[in-house]
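Residue-level structural notes
What follows is each chain in one-letter form.
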Amino acid sequence: MSLKSNRWLILFVFLFLAFPSVVMAGEATDRIKAVSDKIFSIISDQTLQAPEMKVKKEQMIMDAVDGAFNWEEFSRRALAKHWSKRTESEKKEFISLFKQLIKRTYMEKSGQYSGGKVEFLEEKIDGEYGVVKSQLVSSTGTRTPVDYRLMKKDGAWWVYDVYIEGVSLVSNYRSQFNDILIKSSFDDLIKRLNEKIQKGV
Amino acid sequence: MKKFRLLIVFYITCLVFCPGLLFAESTNDTLVQVPESDSQIADKVLKQASQPDSQSVEEQPVTPANGGLDEFPDYSEEDEYPDYSESDEGSAIISDPLEPINRAFFVFNDKLYFWFLKPAARGYSAVAPAPVRKGIKNFFSNLGFPVRFVNCLLQAKFSAAGYEFERFYINSTLGLAGFIDMADREFGVKAVDEDFGQTLGLYGLGHGFYINWPVLGPSSALDTLGLAGDYFLEPAYHMDLEFEYKAGLKGLKTINSTSLTSGDYETLKNSALDPYVAFRDAYIQYRQSKIKE
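Residues numbered from 1 in each chain as written. Chains lettered and ligands numbered in written order. Predicted model: local features only at pLDDT ≥ 70, side-chain atom pairs only at ≥ 80, totals over all residues.

1. What to know about the overall build of chain A
In plain terms, the rule: Elements are defined by DSSP. Helices are runs of H or I of four residues or more, strands are runs of E of two residues or more, and each kind is numbered from the N terminus. Any residue whose C-beta has 12 or fewer other C-beta atoms within 10 Å is treated as exposed, any with 20 or more as buried, and any in between as partly exposed, C-beta atoms being built from the backbone. Two residues qualify as being in contact provided that their C-beta atoms, derived from the backbone, are within 7 Å of each other.
In terms of helices and strands, chain A carries seven helices and five strands. Taken from the N to the C terminus, the helices and strands of chain A come in the order α-α-α-α-α-β-β-β-β-β-α-α. Scored against the burial criterion, the 201 residues of chain A give a buried share of 31%. Sequence separation of 24 or more characterises 53% of the internal contacts of chain A that already satisfy a separation of 6 or more.

Here it is as structure tokens:
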């Protein structure tokens, strides 16, 4: 037997053990998929590659993310017990700053994945809450598990947290905000958020 | 050619035994936690074995390591916004009595990364093309087989242990001593990441407190114990090598993996208001999610 036919034989035998990836689809997954498709099309759009288009490109990505992310929920969860102590205007200011901070991170990450792809693995729905498990596959083949937590509001699914490699973005910020709020003040937190955003990457 | 026939026999053996093992596992009590990917695979295999009554093993809520919790008696997040996922893994709080020392070592490690490791990885990338680096990563990963295999067994994850064994077998032969991840590439059998820290965590040991080791980086009392345990399973420990060579191997492994993951450290650091707290939290969350798998 030739080496090649042997290999096919092995593959054939292994087919019983090898598992075709099942394509999961659902409302929540579609929601994420629409956003990620949009972002990938923006990243790979040749007309947006020019340096002078950078601002426009970033704005387009931000708009795409805005379409599915519930920033108020992000903020509320990140501040946790400190949220209810804030006035409406303080909440508004915080939401705006926190959103900018997360978007910057998200943008940086999405830049790294040009030439890569997103694979959707699983969707779990429990009433008003859902989890969409996906993985980012970079052009070099590195896989990064990314889970989206969603909640249903006004008939649509909204992302309220993102888990990257098992690490919740919201929880990670919550521990930082909590640390600052306990040692210092809310004003100091706002100041530090502003500084961070101004400083850029 | 004999090798190929052997391989076929081996697969058929797997085919016969695996569904049995998997089924036995899925009926186990909740103490046995099948990793996510594993349970997916298990589901599919079970379906093929026409046993559709498979069910995903119930997720056990992670008990956050204590410390700090009593500091916030008015923490009402869960009551206000009921969410099954939040209560499961939302808060990964760890006590940090060594914070001043840990912070000092955080600065030290940060400098070490930017002044030494990153430039070294960059220079190394210039010499070694990406496929070579990937191969070296696979080689080191293959050597980690004893650690993963033994810990799979210690955690009673028998099917995962089976997959690990398969991977080691395929990659050490077809994968040319581990340089090519044939098991994943051709057969879709992915690595199972288990270590002694996770084993102890599954047995119910808490993280204890956070330790940020110089050079080694974020860890906990639990994971330090785990690292020490796993050390005896590493091939390097059993090799009759001078310390310099062992250190050299470790260095190559670190520089090689840094060259492949370049950017992750910077991303988390740049997005954080307090990088030290961000890394501490990310580490504990990451480890908790690993134990839960």
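2. Regarding the overall build of chain B
The helix and strand tally for chain B stands at 15 helices and two strands. Residues classed as buried in chain B amount to 35% of the 293 residues present. Taking the contacts inside chain B whose residues are at least 6 apart along the sequence as the reference set, 71% of them involve residues at least 24 apart.

3. Some remarks on the nonpolar core
Rule in force here: To form a nonpolar core, buried Ala, Val, Leu, Ile, Met, Phe, Trp, Tyr and Cys residues must be joined through C-beta atoms within 7 Å.
A:Phe74, A:Ala78, A:Leu150, A:Trp158, A:Val159 and A:Val162 are the most contacted members of the largest nonpolar core, which has 51 residues in total. When neighbours within four sequence positions are excluded, A:Trp158 is seen to be in contact with A:Ala68, A:Phe69, A:Asn70, A:Glu73, A:Leu150, A:Met151 and A:Lys153. Counting residues in each nonpolar core, the second largest holds 14 residues, with B:Val147, B:Cys152, B:Ala161 and B:Ala183 among its members.

4. Considering the pairing of strand β1 (residues 210-213) of chain B
All names here are of chain B. Quick reminder of the rule: Paired strands, in this sense, are two strands between which DSSP finds at least two bridges.
Across four bridges, the pairing between β1 and strand β2 (residues 217-220) is antiparallel. The residue of β2 that forms the bridge with isoleucine 211 is serine 219. Two successive antiparallel strands, β1 and β2, enclose a turn made up of three residues, where valine 215 displays a positive phi of approximately 70°.

5. Considerations on helix α11 (residues 221-231) of chain B
Residue and element names in this part refer to chain B. For the record, the criterion: Throughout, the arc means the angular range of directions from the helix axis out to the C-beta atoms.
Residues Leu222, Asp223, Gly226 and Asp230 constitute the buried set of α11. For α11, the angular spread of buried residues about the axis comes to 85°, placing them on one side. Set apart from the buried face of α11 by more than 90 degrees, the exposed residues are Ala228 and Tyr231. Where α11 is buried, its residues meet α7 (145-154), α10 (196-202), β2 and α15 (275-292).

6. Observations regarding the packing of helix α4 (residues 71-79) of chain A against helix α6 (residues 169-183) of chain A
All names here are of chain A. Going by this rule: Between N-to-C directions, angles cover 0 to 180 degrees, with each direction set by a line fitted to C-alpha atoms, over the stretch in contact for helices. Angle categories are assigned with fixed cut-offs, so that under 35 degrees is roughly parallel, over 145 is roughly antiparallel, 65 to 115 is roughly perpendicular, and the rest are oblique. By the definition used in this description, the sense in which the near helix is turned from the far one sets the handedness, with an anticlockwise turn below a right angle giving left-handed and a clockwise turn giving right-handed. When residues are sorted by character, Ala, Val, Leu, Ile, Met, Phe, Trp, Tyr, Cys and Pro go into the nonpolar class, Asp, Glu, Lys and Arg into the charged class, and all the rest, Gly among them, into the polar class.
At a closest axis distance of 7 Å, the pairing of α4 and α6 adopts a crossing angle of 50°. Here α4 lies oblique to α6, going by the angle between them. By crossing handedness, the relation of α4 to α6 is classed as right-handed. Of the residues in α6, those in contact with Phe74, Arg77, Ala78 and Leu79 of α4 are Val170, Tyr173, Arg174 and Phe177. A breakdown of the residues in the contact of α4 with α6 according to their chemical character gives six nonpolar, no polar and two charged.

7. Digging into the sheet that holds strand β1 (residues 117-126) of chain A
Residues and elements named next belong to chain A. Read from one edge of the open sheet, five strands run β1-β2-β3-β4-β5, paired in antiparallel fashion. Among the strands making up the open sheet, the edge pair consists of β1 and β5 (167-168). One ladder, built from two bridges, connects strand β4 (residues 156-164) with β5; its direction is antiparallel. Looking at β5, one finds that isoleucine 164 is bridged to valine 167. Strands in contact with helix α2 (residues 27-44) are β1, β2 (129-137), β3 (143-153) and β4; relative to β1, the strand with the most contacts, it is inclined by about 150°.

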